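# Examining the three-dimensional arrangement
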2 protein chains.
Amino acid sequence: MEPGAIDYRDLCMSAAPSRLAGPAERASRRRSAASGSGPGVTLADVAREAGVSSATASRAISGRGPIAAQTRARVLAAVAKLEFEPSPLGRSLRMQTTGLVGVVVPDIADPFYAAAVKGIQHRLEASGYHVALVDTDERVDRETAAIRSLLVARVDGLVVCTSGIAGSWLADAVRRSRTPVVFFDNAVAGVGVGSVTLANEDGMRLLVDHLVVAHGHRRVAYVGGRLSETSGVERLEGFRIGLLAAGLSPVDAYVRMGDWTPASGARETEALLALDEGPTAIVYANARMAFAGLHVLHERGVRVPDGIALASFDDAEGGALLDPPLTALVRRDQQIGDLAGSLILRVLAYAEAGPMHVRIPMELALRRSCGCAGVTA
Amino acid sequence: MEPGAIDYRDLCMSAAPSRLAGPAERASRRRSAASGSGPGVTLADVAREAGVSSATASRAISGRGPIAAQTRARVLAAVAKLEFEPSPLGRSLRMQTTGLVGVVVPDIADPFYAAAVKGIQHRLEASGYHVALVDTDERVDRETAAIRSLLVARVDGLVVCTSGIAGSWLADAVRRSRTPVVFFDNAVAGVGVGSVTLANEDGMRLLVDHLVVAHGHRRVAYVGGRLSETSGVERLEGFRIGLLAAGLSPVDAYVRMGDWTPASGARETEALLALDEGPTAIVYANARMAFAGLHVLHERGVRVPDGIALASFDDAEGGALLDPPLTALVRRDQQIGDLAGSLILRVLAYAEAGPMHVRIPMELALRRSCGCAGVTA
DNA sequence: CTGAAAGCGCTAACAG
DNA sequence: CTGTTAGCGCTTTCAG
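Computed from a predicted model, the values in this text were never measured in an experiment.

What counts, and where the lines are drawn
- Residues numbered from 1 in each chain as written.
- Chains lettered and ligands numbered in written order.
- Predicted model: local features only at pLDDT ≥ 70, side-chain atom pairs only at ≥ 80, totals over all residues.
- Heavy atoms only, no water.
- Helix = DSSP H or I, 4+ residues; strand = E, 2+ residues; numbered from the N terminus.
- Buried < 20%, exposed > 50% of the residue type's maximum accessible area, 1.4 Å probe, protein only.
- Contact = heavy atoms within 4.5 Å.
- Areas by Shrake-Rupley, 256 points an atom, 1.4 Å probe, with all protein chains shown as cover.
- Salt bridge = Lys/Arg side-chain N within 4 Å of Asp/Glu carboxyl O.
- Polar contact = N/O pair within 3.5 Å; in protein donor to acceptor, adjacent residues only side chain to side chain.
- Phe/Tyr/Trp six-rings, centres within 6.5 Å; stacked < 30°, edge-to-face > 60°.
- Axes fitted to C-alpha atoms, helices over the stretch in contact; angles between N-to-C directions.
- Parallel < 35°, antiparallel > 145°, perpendicular 65-115°, else oblique.
- Left-handed = near helix turned anticlockwise from the far one by under 90°.
- Nonpolar A, V, L, I, M, F, W, Y, C, P; charged D, E, K, R; others polar.
- Expected span 1.5 Å × (residues − 1).
- Pairing = 2+ DSSP bridges.
- Right-handed = clockwise from strand over helix to strand, strands pointing away.
- Domains from an automatic or database assignment.
- Buried area = accessible area lost by both parts, 1.4 Å probe.

## A word on the overall build of chain A
Helix and strand counts for chain A stand at 13 helices and 13 strands. For chain A, with 377 residues in total, the buried portion stands at 54%. When contacts within chain A are restricted to residue pairs at least 6 apart in sequence, those whose partners lie at least 24 apart make up 70%. Of the roughly 15,400 Å² of accessible surface on chain A, 52% is carried by carbon and sulfur atoms.

See below:
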């Protein structure tokens, strides 16, 4: 082990106490102002160097306000010479703006949210915003704390996927702070300047319709997600309506509720298998549950799709790689994040009026787990 | 479609121009100061309400400096009454501290980085820091821009996984800014206050050793990751040394270089299959390439592990769910992030001296893809 | 123990 | 067109 290296177990003991001093408690590190260039150089320095007032320097740099071309050039030269970088701290205080957008997600380890965050971040970065990310572990109390804390930090906007249909607290807090909020994946009725959601109901109907009409299944089961989230509610509704539209009626025993996790997908699949007269097809409300379900079926020696056919609402990197490849609804993964980012930017840039709600349509990818030959990629 | 709802295609046209006005260009929204409570209440308001000076109010709230218990109580009452939340903007300017830690990752959609970010965020949140996340898409130019931009934003610290062994720019920038940096997964020699990396070499040796010694393979191939990253280099080295230690010599044709992506995993696997005398076992440098490789093998009708045995350096949610379950090295996924967070906190809290380098040991999970019976979970 | 005053770095009115 | 002045909200000497 090289010098300076330590065993990770030691670190767990020594450097990971449950609570270290936070930013507010820390003594301020003084800037060293070492070479007189780079961070540490102030606008006043630039002004002095250029022989103008700091107001003029500010105008030259920001491009706002009248300024003689020649003066501007002098200032810019000074900026370059001193390698001046305007400090956002002074500007933030003055402008009441942080250049930060808070992003709150239930679980960044879920590939769906990871992709969404990627989309949001790329979008916002292009407009000069930074993303303050908080992962809530799907816990409503953590979500509440996260939003509160981001509001205190004076983020310019918020992009939130709430877990749990948010109560009045969220609505109040958001309204009072006058901070624009965009919801994605799960919307909150009546709150926020916009939302981006999937066509949960339509998509699920597509899936059910395919299983029933194209493949003739009549005993179709459903493994759903949390009903405390709108996506869970809407997908279930889509399942029921899809069944009814196809002339079948939902059977209670075939409708199982999971919580989006692989563990719950496995559990509910086993429950379905234990039934006297089991289903001939199972629809999962998301990919992670479907993956786990497929695994259970393999273990039990049930052939897919011959024994039981499978389909999933939601795809993920790997759905196409499974054996058999999973029939699912597809979308460009970062799209939802990109749109959510666009929505919040629209408000930040133009302070536009009415809320804007976007639904992303879903497309069916017919692979082999439903019984198709697997034409679609 | 409900009122206010629009089709997403319209939005792509109307609200997603390539560049919207950024924070610096926006006119400042004036606080409405509506009810006189909540955000908008200033320390001066509290002081007035409590009948003290703002200096005293500050002392009462921050807990720093001498203050009479009674006075403090009066101030705290005023705080509660007005629902005062200290503005971080004023404090930031004064303290030269933002409470922000920049986190830079190559690809948040990679489950490994997602888990790492989760660990980092949770750790930092516990100490009151926010995480400013940037995803670089594995592009060095984006990484450079990200770090520069975070430094300009005056983050208090940086946690970085660099893609590409960072050149002198990074070293310079980091040193000059005097901002503490912790590297994870990929380290950069001589730069930063710490690093958290996996035991790449040891782990890979474990894998090779198992294949050769336990299962008697003599034609072992390797599908590696980028050699512009230390993890890529170290894993390759581990493979070579492992082979040598087992008394075999590496065969050039069996050593293929991918770039961590599933696509490259598939491509190199096919190249291996095209060989006259192909390998009897393949070791992959990460899970995503292994998944794709397994898929290719399935498609080609090669039985795993009978035809070709498989093992992967790196696991991921789902490795155990594959068919056959994938033999791989395992770790607690968020651990690397947790440790990286601890390391940067240590520096932020104590401004401690020497750099600290941590290696996370890897453990072998014997599943079925290598030929084992699949005892380990 | 408390108050007055200065200032972090920047921008915006308002004069000149 | 440019300089002066006045803060944004907070912390911290320095006196009292």
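## Some points on the pattern of salt bridges
Tallied over the entire structure, the rule returns 35 salt bridges over all chains. With a shortest N-O distance of 2.9 Å, Glu-49 of chain B and Lys-81 of chain B are connected by a salt bridge. Taken together, the residues Glu-49 of chain B in helix α2 (residues 43-50) and Lys-81 of chain B in helix α4 (residues 69-82) connect sequence positions 32 residues apart. By relative accessible area, Glu-49 of chain B is classed as partly exposed at 40%. Taken together, the salt bridges that share partners define one network made up of Asp-107, Asp-110, Asp-135, Asp-137 and Arg-288 of chain A together with Lys-118 of chain B.

## Comments concerning the environment of Ser-177 of chain B
As for its placement among the helices and strands, Ser-177 of chain B is situated in helix α8 (residues 168-177). Polar side-chain contacts of Ser-177 of chain B include one of 3.1 Å to the backbone oxygen of Val-174 of chain B.

## Quick word on the packing of aromatic side chains
Residue and element names in this part refer to chain A. On inspection of all chains with the given rule, the structure shows six aromatic pairs over all chains. Their ring planes at 65 degrees and their centres at 5.1 Å tell us that Phe-112 and Tyr-113 sit as a pair that is edge-to-face. As far as burial versus exposure is concerned, Phe-112 and Tyr-113 are alike and both buried. Every member of this aromatic cluster is reached through a ring pair, and the members are Phe-112, Tyr-113 and Phe-184.

## Comments concerning the packing of helix α11 (residues 262-273) of chain A against helix α12 (residues 287-299) of chain A
All names here are of chain A. The interhelical angle for the contact between α11 and α12, taken along N-to-C directions, is 45 degrees, at an axis separation of 7 Å. Taken together, the axis directions place α11 and α12 in an arrangement best described as oblique. The handedness of the crossing between α11 and α12 is right-handed. In contact with Pro-262, Ser-264, Gly-265, Ala-266, Thr-269, Glu-270 and Leu-273 of α11, α12 contributes Arg-288, Met-289, Ala-292, Gly-293, Val-296 and Leu-297. Here the contact of α11 with α12 is composed, by residue class, of seven nonpolar, four polar and two charged.

## Brief notes about helix α13 (residues 335-350) of chain A
Residues three or four positions apart in an α-helix share a direction because the helix packs 3.6 residues into each turn. Residue and element names in this part refer to chain A. Over its 16 residues, α13 runs 22 Å from end to end, which matches the ideal 22 Å to within 8%, given 1.5 Å per residue. Of all 16 residues that make up α13, 14 are buried, and the element is covered over most of its length. One or two residues past the end of α13 sits Ala-351, with phi positive at roughly 45 degrees.

## Side note on the pairing of strand β9 (residues 281-284) of chain A
Looking along a regular strand, one sees the side chains alternate between the two faces of the sheet. All names here are of chain A. Both faces of β9 are covered, namely the face carrying Ala-281 and Val-283 and the face carrying Ile-282 and Tyr-284. With four bridges connecting them, β9 and strand β10 (residues 309-314) associate as parallel partners. Within the sheet, the bridge partner assigned to Tyr-284 lies in β10 and is Ser-312. Where the polypeptide runs from β9 across α12 and back to β10, its parallel neighbour, the crossover connection is right-handed.

## Concerning the side chain of Thr-179 of chain A
Residue and element names in this part refer to chain A. Summarising the element assignment, Thr-179 is placed in the loop between α8 (168-177) and β5 (181-184). Accessibility expressed as a relative area gives 12% for Thr-179, which makes it buried. Excluding residues within four positions of it along the chain, Thr-179 makes contact with Leu-151, Val-155, Asp-156, Gly-157, Leu-158 and Val-174.

## Some thoughts on the domain arrangement of chain A
Residue and element names in this part refer to chain A. The domains assigned to chain A are domain 1 (15-94), domain 2 (98-198 + 333-360) and domain 3 (200-331 + 364-370). Computed from C-alpha atoms alone, the centre-to-centre distance between domain 2 and domain 3 is 29 Å. At the junction of the two partners, domain 2 supplies 15 residues and domain 3 supplies 14 residues. Interface area for domain 2 against domain 3, summed over the two sides, is near 1,300 Å², with a carbon-plus-sulfur share of 40%. Viewed at the interface, domain 3 and domain 2 are joined by four salt bridges. Between Glu-138 and Arg-226 there is a salt bridge, and its shortest N-O distance comes to 2.7 Å. At the junction of domain 2 with domain 3, the criterion picks out seven residue pairs in polar contact (both at pLDDT 80 or more). Counted by class, the side of domain 2 that touches domain 3 contains five nonpolar, four polar and six charged residues.

## So, helix α6 (residues 111-126) of chain B
All names here are of chain B. Between its first and last C-alpha, α6 extends 23 Å over 16 residues, near the 22 Å set by a 1.5 Å rise per residue. Of all the 16 residues making up α6, 13 are buried; the element is thus mostly covered by neighbouring parts of the structure. For α6, the N-terminal cap is Asp-110; the gap from its side-chain oxygen to the backbone nitrogen of Phe-112 is 2.8 Å. Phi for Gly-128, located one or two positions after α6, is positive at around 85 degrees.

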